[in-house]
Amino acid sequence: MYNILIVDDELLVRTNIKLLLQNFSQEFMVCGEASDGLSALDKISQTHPDIILSDMRMPNMNGLELCQKVKELYPETLFVALSNYDDYTYVRGALKNGAMDYVLKHKLNECYLLSLLNDLKKRLNTHNKSKAFPDRTISALREKFVIDLLGGALLSKKEIEANIRSLGISLSLTQVIPIILSVDDYGRIEHLNSYNQRNILSFSICNIGNELLSKYPTGILAHIERETYCILLSFAHEASQAKTEETISSLLHQLSTNYKNFLNISVSFCVGERASHIIDVGHAYTKALETMRLAFYSGKQSILHSKPVTNASASLTGLDYSIEKILLTLVLKGEYEKAEGIINKLFQDMIEQKEPRSNVQMKCADLLSIITRISKKNQLDLNRIITDKVSPDQIFTQLSTLPQLWEWFLHCFFNMCKEIQLQMPGDSNYVKSAIAYLNRDYAKPISLQSIADEIGISMGYLSTIFKSETGQGFTDYLNSLRIASAIHLLELGERDFHKIAEKCGFQDYAYFFKVFKKRMGITPKNYLRTQLYG
């Protein structure tokens, strides 16, 4: 078995290499990792690697200096340089100082790495000098230890202490605080990703988390199940509560930032109560799990603190009939602002009162019923109303928090009122005909004169009665149709603004931007960034 040390100041690079290596046979195992040459020298003396994969540009001690030290102190260890295009000077120096090869980072994939390692294996004269447990085995044993500890399977203090010592876990036995880490939107992640992709995500969460924890005096992060992870921190040598809270706050901020930057996920936390001895940490963890349920009401990226949770009333209640009736009336009139106020009040009350999930689901089902009934009655296209990628039958599995459901329904009711407004005919047959032409041909070159000619009346007369019956001038009405269509295309994933302008009937690209900003208050680019990407 051949041990590999990974040296790179970028956490994401180290994580990616470990992911590639975990798919290989047991012949190649990661025995450690370091973020610069100085810390790598300490790791080499502890882990005795057969192969070192090292970046060239690093703080404190760069790859070239590390290569020189390795050649001097550990001549049997093989050194491979990891480089970018502009690192040639470093690479040339490393090769002169005994590096066996160099790898351009952008070419690093599983096949390339396996081929390289097989070539290096032929040159190695060392035998199996690996640790008692391979890196993957230790990770699995550490995870099992945390799960057993939280579940009460470890019954004696001596047993716990022996596990901590043999597995090399940096954790004191007293003043232990459990922190639950929960991946936001995990239902959607499950829906969109394969089992293997979810395993890679779990591996990355643990690897990045434990890398950050290595910079603290004590701590370990382990995967418990699905979206749930647990961090154990001990503060045996910290008497200040303020200092403890500051440490926890700093750690949670670092974890959130790194997971967002490297994995593009957000996470929520619940900080548990302090256990005087680690044997009691399972009870604190269970209480924190109960509190974690409140993230459903507070939303994504929540930071909660363990507290008693009052069980809400079990009585099932749906949407009040009077509210349902008012919403139906307002939507059929296209009065979104008033409908929005009612929906906001409804969801605010559910959050403040911590409405049971069963009641939330019933009320949401009643809101869906309103959407369905109005759509059928007015022959509305549901694809123009439910433009979110989450379909109605998936909202309770893919939208994990009440604020997300709130936002989803507001979006649907806004689109529905918009569609109703577009359908509103004038009083006269002339205006009804004009609106029918506009709804059908808004994407084509169209003018007040061309529609007046189609209808058979003068342009001046059509202009007068159109504004009188619709409350809008002809051009404003046409532009509202075109901008609504542009937003719909943006929501469907179209990103070419020239194509959008053309498809919506704008012959002048600059005019499209001007009209969009006037109607929406922001440019299409800013709308895309703030409204769709959040």
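Counting of residues starts from 1 at the beginning of each chain's written sequence and follows it residue by residue. Confidence filtering applies because this is a predicted model: local features only for residues at pLDDT of at least 70, side-chain atom pairs given and counted only at 80 or more, and all residues used for totals across whole chains, interfaces and linings. Excluding hydrogens and water, the side-chain values take into account all heavy atoms of the structure.

Only one rule defines a salt bridge in this text: a Lys or Arg side-chain nitrogen within 4 Å of an Asp or Glu carboxyl oxygen. What the rule picks out here adds up to 19 salt bridges. With a shortest N-O distance of 2.4 Å, Arg-14 and Glu-211 are connected by a salt bridge. Of the two residues, Arg-14 sits in helix 1 (residues 11–21) while Glu-211 sits in helix 9 (residues 195–213), which places them 197 residues apart along the sequence. In this pair, the class of Arg-14 matches that of Glu-211, namely buried. One salt bridge in this structure joins Arg-384 and Glu-419, with 3.1 Å as the shortest N-O distance. Under the DSSP-based scheme used, a helix requires at least four consecutive residues in state H or I and a strand at least two consecutive residues in state E, with every element numbered from the N terminus. A simple rule labels every residue: compare its accessible area, found with a 1.4 Å probe on the protein chains alone, to the largest value its type can have, and call it buried under 20%, exposed over 50%, or partly exposed in between.

Judged by nonpolar contacts, the single largest core of 64 residues is most densely connected at Leu-232, Phe-347, Phe-409 and Phe-413. Whether two residues touch is decided by their heavy atoms; if any such pair falls within 4.5 Å, the residues are in contact. Leave out the neighbours within four places in its chain, and Phe-409 touches Phe-347, Cys-364, Leu-367, Leu-368, Ile-371 and Ile-395. Counting residues in each nonpolar core, the second largest holds 28 residues, with Leu-181, Leu-201, Leu-233 and Leu-252 among its members. Buried Ala, Val, Leu, Ile, Met, Phe, Trp, Tyr and Cys residues that are joined via side-chain atoms within 4.5 Å together make up what is termed a nonpolar core.

At least two bridges found by DSSP between two strands is the condition for calling them paired. Spatially, 5 strands are ordered 2-1-3-4-5 in an open sheet, and the strand pairing comes out parallel. The sheet terminates laterally at strand 2 (28–34) and strand 5 (101–104), the two strands that pair on one side only. Here the average twist between neighbouring strands, direction ignored, is 25 degrees. The pairing of strand 1 (residues 2–7) with strand 3 (residues 51–55) spans 4 bridges and is parallel. Across the sheet, Ile-6 pairs through a bridge with Leu-53, a residue of strand 3. Angles shown run from 0 to 180 degrees and are taken between the N-to-C directions of axes, each axis being a line fitted to C-alpha atoms and, for helices, limited to the stretch in contact.

Quick look at the pairing of strand 3 now. Counting buried positions over the 5 residues of strand 3 gives 5, a clear majority of the element. Burial along strand 3 is two-sided: Ile-51, Leu-53 and Asp-55 and Ile-52 and Ser-54, pointing in opposite directions, are all buried. Orienting the strands away from the viewer, one traces the path from the first strand over the helix to the second; a clockwise path indicates a right-handed crossover. In this fold, the crossover linking strand 3 to strand 4 (residues 78–83) by way of helix 3 (residues 63–73) has right-handed handedness.

This part covers the packing of helix 13 (residues 321–332) against helix 15 (residues 357–377). Look at helix 13 against helix 15: their axes get within 11 Å of each other, and the N-to-C directions meet at 35 degrees. For the pair helix 13 and helix 15, the crossing hand works out as right-handed. When helix 13 is examined against helix 15, the residues Glu-324, Leu-327, Leu-328, Val-331 and Leu-332 are found in contact with a partner set consisting of Leu-367, Ile-370, Arg-373, Ile-374 and Lys-377. Gly is placed with the polar residues, together with every amino acid not listed as nonpolar (Ala, Val, Leu, Ile, Met, Phe, Trp, Tyr, Cys and Pro) or charged (Asp, Glu, Lys and Arg). Of the residues that constitute the contact of helix 13 with helix 15, the class distribution is 7 nonpolar, no polar and 3 charged. By definition, turning the near helix anticlockwise from the far helix through less than a right angle yields a left-handed crossing, and turning it clockwise yields a right-handed one.

Glancing now at the packing of aromatic side chains. Stacked, tilted and edge-to-face are the three classes assigned to paired rings of Phe, Tyr and Trp, where Trp is represented by its six-membered ring and a pair needs centres within 6.5 Å; plane angles under 30 degrees give stacked, over 60 edge-to-face, the rest tilted. Under the defined criterion, the tally for this structure stands at 16 aromatic pairs. Plain terms: the ring middles of Phe-512 and Phe-513 are 5.8 Å apart, the flat faces sit at 85 degrees to each other, and that makes the pair edge-to-face. An identical accessibility class is assigned to Phe-512 and Phe-513; each is buried. Among the aromatic residues, those joined into a ring-pair cluster are Phe-497, Phe-506, Tyr-509, Tyr-511, Phe-512, Phe-513, Phe-516 and Tyr-527. When the ring centre of Phe-296 is taken as origin, the NZ or CZ atom of Arg-357, which lies over that ring, is 4.1 Å away. Charge-over-ring placement is defined geometrically: NZ (Lys) or CZ (Arg) within 6 Å of the ring centre, and within 35 degrees of the ring normal. Between the NZ or CZ atom of Arg-482 and the centre of the ring of Phe-506, over which it lies, the distance is 5.7 Å.

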